[in-house]
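Chain residues, written in single-letter form:
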Amino acid sequence: IYLGQRELEDEVFEVVELGTADGRRVIRYFISPKDFLVRRVETTTTLSTGKKIENSVMMRRVAPGAELETASFRYTPPAEAKETKLQLGPAIARI
């Protein structure tokens, strides 16, 4: 759903909202009309208890097409780290 324009931190954004059919999860995307990139994402999740969890992420200093070195993505875990297999069960998957 297109929610129109919204001003945030002295910038104007086009805002689009998506949600689940039951309304328990809503995600709002704030899109810059200058470069059409998503600059902010707000998520609201309503738990089965009725409690709401809200989260937002603002992306600043975005540089499309910037050159990145492969080394920027290297990760070496600590020597004592052990691999753990994630097991998703109903209690984890259920919101």
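Residues numbered from 1 in each chain as written. Predicted model: local features only at pLDDT ≥ 70, side-chain atom pairs only at ≥ 80, totals over all residues. Heavy atoms only, no water.

1. Overview of the pairing of strand S4 (residues 38-46)
In terms of residue burial, S4 counts as a mostly covered element, since seven of its nine residues are buried. Sheet topology note: the strand S3 (residues 25-31)/S4 ladder contains seven bridges and is antiparallel. Note that in S4 the partner of phenylalanine 30 across the bridge is arginine 40. Taken together, S3 and the strand that follows it, S4, pair antiparallel across an intervening segment of six residues, in which phenylalanine 36 is found at a positive phi of about 65°. (Buried < 20%, exposed > 50% of the residue type's maximum accessible area, 1.4 Å probe, protein only. Helix = DSSP H or I, 4+ residues; strand = E, 2+ residues; numbered from the N terminus. Pairing = 2+ DSSP bridges.)

2. What about the side chain of arginine 40?
Examined against the element boundaries, arginine 40 turns out to sit in strand S4. Separated by 3.3 Å, the side chains of arginine 40 and serine 56 make a polar contact. In this view, arginine 40 contacts Leu8, Arg28, Tyr29, Phe30, Ser56, Val57, Met58 and Met59; residues no more than four positions away in its chain are not counted. (Polar contact = N/O pair within 3.5 Å; in protein donor to acceptor, adjacent residues only side chain to side chain. Contact = heavy atoms within 4.5 Å.)

3. Quick word on the nonpolar core
The tendency in soluble globular proteins is for nonpolar side chains to be buried as a group. Counting five residues, the largest nonpolar core consists of Leu8, Phe13, Val15, Phe30 and Met58. If near-sequence neighbours (up to four positions away) are discounted, leucine 8 is found in contact with Phe13, Phe30 and Arg40. (Core = buried A, V, L, I, M, F, W, Y, C linked by side-chain atoms within 4.5 Å.)

Fair warning: the whole summary comes from geometry, so function is off the table for now.
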